[in-house]
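# Geometric and topological summary
Single-letter residue listing:
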Amino acid sequence: MSLLELNGIEKRFGSVEALRGVTLSVEAGSVVGLVGDNGAGKSTLMKTITGIYQPDGGAIRFDGQEVTADTPGHIRSIGIEMIYQDLALAPQQDVASNIFLGREPTKTLFGFIPGLIDRPKIVAEAERMLQRLGARVPSVLSPVGVLSGGQQQSVAIARALTFGPKLVIMDEPTAALAVREVDHVLDLIRELKRQGIAVILISHRLTDVFAVSDRIVALRQGQIIADEVTAETSMNQVVSHIVGS
Amino acid sequence: MTTAPDAAPKPRQNRFYFRIESLVVLVVLCIVMTLLSPFFLSTSNILNILLATATIGVLAIGATYVIASAGLDLSLGSVLGLSAVFGAFLVDRLGLPWPFGIVGALFAGFAAGYVNGQLITRLRIPAFIVTLGMLGIARGLALVISSGQAIYGLPSELVYLGQGRPFGIPMPVIIFFLVAVVTHYILAHTKYGKHTLVIGDNEQAARATGIQVERHRRSLYAFSGLMAGIAGLIFMTRVNAGDPTAGLNYELTAITAAIIGGTNLFGGRGSIFGTMIGALIMGVLQNGLNLMAVQSYYQQMAIGAVLIFAVWLDQFNRKVATR
């Protein structure tokens, strides 16, 4: 049984049919490259999985559980993390707070006042996580807004990996990065695969997709038009799927 | 990749999360007032300042939460008036026991804020418009309930809340202090407070990480209304009447206090400790102008000017910071 199963997912925005019956499965520990032109429906599909959008038709199962039209909070809690293209960080909050956003561990003050955010724990764990990722971030107490693009990317990745996900969705994770940083992200994807974590990689950079994926899925006008094993396809073939010639 | 963090200066961690400049302004203002008036530093005058600050301060707490979430509540002053009238109406006109004065004032404030939150998040009407509308509705309702005249004569238990002085400290100051401590704790140290700031900072990020943005927003406006209810209770018991004109234009002072205390007008940053300093700055300013016998019309102008100046300073700082 697959880790993630999408069955006939449909999504409309007014008269625009963004997704027209998308069926797709992702095995545990596999890397799926999702490619397609701008407006093909890649981001919409992912946001439908993570609960930001509610599908108009079809069903989503994750780990044997029905999760169609679930809330973003619950989707995260069952092990699906997404790294958004715009990173979805809160610029005025510090690095540690951003990594634990929405999942702050709490403790009790004086033994009876509940709900206190456990700051020392957040700071220590954030530092540990960034170190494990080999990320260069000046301090976990810096506001995220003052960091460079690559550093912000590290924070977004650290947030996705801190709570032991089973599936990580990355939307253009290498688009804004320097070459050296790109290699780092690709290494990280291989490392996730080794740990048995599935990855869906959305990218315009086909070389990146070919470098790390097991399968490549091409989306055009809200429909899947190709689903091929990476080793058995070619760059030219994938490009022709994307542009539809 | 190396794991060693770059050698960069550790950012200053401020335990109370406020802007140090506002504290400097408060101290300088106090020194100037002391030099200008021999009465300024007397115990009775300081208690006077705190007493005057209590009402504004509680309102400013509501303003801080809402503004920190990138919202706005313009109805604070009017809801204060409605709360004061409603509490007085229940005990004086309907003859209910005195605890209904407290419950009624708090309920009226909470209810007005609850309606604000519902309209803003369910019907998606901008907060600016909804709370501006509520400013008119609440004031009008206060005038209707009271037939346009102050409702005098509250039971002594209620009056104690406004005029009692346990250990020589006015009750409103004690209420203000307790409310400030609790709300500071919530904003600075709990998930609820953190999520309030995150919603103001980047709503999309808040949503993506599973924070229930609309529900949180609703609760913030209800909270803000509750603060106006507490302020209304203080006002009502202090003057021993439900005055339908109570709190007129107070939203101006409350929002100013929140902004000069360091709340980011566009959301994402704010602390109750900072707002307390902001409220004290407003209190000292008004008190000083009173001591120097400046007409109240000019005081109103001064508050408005301070608000504009504080926002300009904030913009200016940000421009320098991002340069």
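Residues numbered from 1 in each chain as written. Chains lettered and ligands numbered in written order. Predicted model: local features only at pLDDT ≥ 70, side-chain atom pairs only at ≥ 80, totals over all residues. Heavy atoms only, no water.

A tally of regular secondary structure across chain A gives 8 helices and 12 strands. Its C-alpha radius of gyration of 19 Å places chain A within 12% of the 18 Å reference for a compact globule of 245 residues. Over its C-alpha atoms, taken along the principal directions, chain A stretches across nearly 65 × 40 × 35 Å. Per-residue burial over chain A gives 54% buried out of 245 residues. Once local pairs closer than 6 in sequence are excluded, the contacts in chain A between residues at least 24 apart make up 64%. Looking at chain A as shown, the accessible area adds up to about 10,200 Å², and 50% of this sits on carbon and sulfur atoms. Of the charged side chains in chain A, 23 are positive and 27 negative, and the gap between their average positions amounts to 4 Å. (Helix = DSSP H or I, 4+ residues; strand = E, 2+ residues; numbered from the N terminus. Rg over C-alpha atoms; globule rule 2.2 N^0.38 Å. Buried < 20%, exposed > 50% of the residue type's maximum accessible area, 1.4 Å probe, protein only. Contact = heavy atoms within 4.5 Å. Areas by Shrake-Rupley, 256 points an atom, 1.4 Å probe, with all protein chains shown as cover. Lys, Arg positive; Asp, Glu negative; His and termini not counted. Charge placed at Lys NZ, Arg CZ, Asp CG, Glu CD.)

Another point: the packing of helix H4 (residues 99-122) of chain B against helix H5 (residues 127-145) of chain B. Residues and elements named next belong to chain B. One can describe the packing of H4 onto H5 by two numbers: an axis separation of 9 Å at closest approach and a directional angle of 150 degrees. Considering how the two elements wind past one another, H4 and H5 form a crossing that is right-handed. Mapping the contact onto sequence places Ala112, Val115, Asn116, Leu119 and Ile120 in H4 and Ala127, Val130, Thr131 and Met134 in H5. Residue classes in the contact of H4 with H5 are distributed as 7 nonpolar, 2 polar and no charged. (Axes fitted to C-alpha atoms, helices over the stretch in contact; angles between N-to-C directions. Left-handed = near helix turned anticlockwise from the far one by under 90°. Nonpolar A, V, L, I, M, F, W, Y, C, P; charged D, E, K, R; others polar.)

All names here are of chain A. For strand E9 (residues 167-171), the buried fraction is high: 5 of the 5 residues fall into the buried class. Of the two faces of E9, both are covered, the one formed by Leu167, Ile169 and Asp171 as well as the one formed by Val168 and Met170. Both strand E6 (residues 80-83) and E9 contribute to a ladder of 4 bridges, which runs parallel. Its bridge partner lying in E9, Glu81 is registered against Val168. Bridge analysis of E9 against strand E10 (residues 198-202) gives 5 bridges, and the strand direction is parallel. Note on E10: the bridge partner recorded for Met170 is Leu201. In terms of handedness, the path from E9 via helix H6 (residues 179-194) over to E10 forms a crossover that is right-handed. (Pairing = 2+ DSSP bridges. Right-handed = clockwise from strand over helix to strand, strands pointing away.)

Listed per partner, the contact involves 30 residues of chain B and 38 residues of chain A. When chain B packs against chain A, the two sides together hide about 2,900 Å² of surface, and 56% of this comes from carbon and sulfur. There are 0 salt bridges connecting chain B and chain A. Our count for the chain B to chain A interface comes out at 12 residue pairs in polar contact (both at pLDDT 80 or more). (Buried area = accessible area lost by both parts, 1.4 Å probe. Salt bridge = Lys/Arg side-chain N within 4 Å of Asp/Glu carboxyl O. Polar contact = N/O pair within 3.5 Å; in protein donor to acceptor, adjacent residues only side chain to side chain.)

All names here are of chain A. Reading across the sheet, the 4 strands line up as E2-E1-E4-E5 and stay open at both edges, with antiparallel pairing between neighbours. Lying at the two open borders of the sheet, with one neighbouring strand each, are strand E2 (16-26) and strand E5 (65-66). Lying over the sheet, helix H1 (residues 42-49) contacts strand E1 (4-13), E2 and strand E4 (57-62), oriented at roughly 115 degrees with respect to E1.

A few words on the pattern of salt bridges. Residue and element names in this part refer to chain A. Enumeration according to the criterion identifies 18 salt bridges over all chains in this entry. A salt bridge links Asp63 to Lys166; the shortest N-O distance between them is 2.6 Å. Taken together, the residues Asp63 in the loop between E4 and E5 and Lys166 in the loop between helix H5 (149-161) and E9 connect sequence positions 103 residues apart. Note that Arg103 is salt-bridged to Glu81, the shortest N-O span being 2.8 Å. Here Arg103 is found in the loop between helix H3 (95-99) and strand E7 (106-109), whereas its partner Glu81 is found in strand E6, with 22 residues between them in sequence.

Attention shifts here to the sheet that holds strand E3 (residues 31-35) of chain A. All names here are of chain A. Taken together, the 6 strands give an open sheet; going across it, the order is E6-E9-E10-E3-E11-E12, and neighbouring strands pair in mixed fashion. Here the strands that pair on one side only, and so sit at the sheet edges, are E6 and strand E12 (223-229). Ignoring which end each strand starts from, the neighbouring axes of this sheet average 15 degrees apart. Both strand E11 (residues 215-220) and E12 contribute to a ladder of 6 bridges, which runs antiparallel. In the strand pairing of E12, Ala218 is matched with Ala226. Contacting E3, E6, E9, E10 and E11, H1 crosses the sheet at an angle of about 135 degrees to E3. Contacts from helix H8 (residues 235-243) reach E3, E11 and E12 within the one sheet, and its direction differs from that of E11 by about 25 degrees.

With that out of the way, let us pick up helix H11 (residues 250-260) of chain B. Residue and element names in this part refer to chain B. Among the 11 residues in H11, 9 count as buried, and that is most of the element. Every buried residue belonging to H11 is among Glu251, Thr253, Ala254, Ile255, Thr256, Ala257, Ala258, Ile259 and Ile260, and all of these are buried. At the exit of H11 stands Gly262, carrying a positive phi of roughly 110 degrees.

Here the focus is a nonpolar patch on the surface. All names here are of chain B. Taken together, the side chains of Val24, Val28, Val32, Leu36, Phe39, Leu291 and Met292 make up a nonpolar region of the molecular surface, amounting to roughly 610 Å² of accessible area. The element best represented in the nonpolar patch is helix H1 (residues 20-36), accounting for 4 residues. Structurally, Val32 is set in helix H1. What makes Val32 partly exposed here is its relative accessible area of 37%. (Patch = residues over 30% accessible without salt bridge, like charges linked within 9 Å, V, L, I, M, F, W, Y side chains within 5 Å.)

What is expected of a backbone is that most residues other than glycine have negative phi and most peptide bonds are trans. A positive phi angle is found at Asp63 of chain A, which is not glycine, with a value near 55 degrees. By relative accessible area, which is 37% here, Asp63 of chain A ends up partly exposed. Positive phi, close to 65 degrees, is recorded for Ala70 of chain B, a residue that is not glycine. Assignment of secondary structure puts Ala70 of chain B in the loop between helix H2 (43-68) and helix H3 (76-93).

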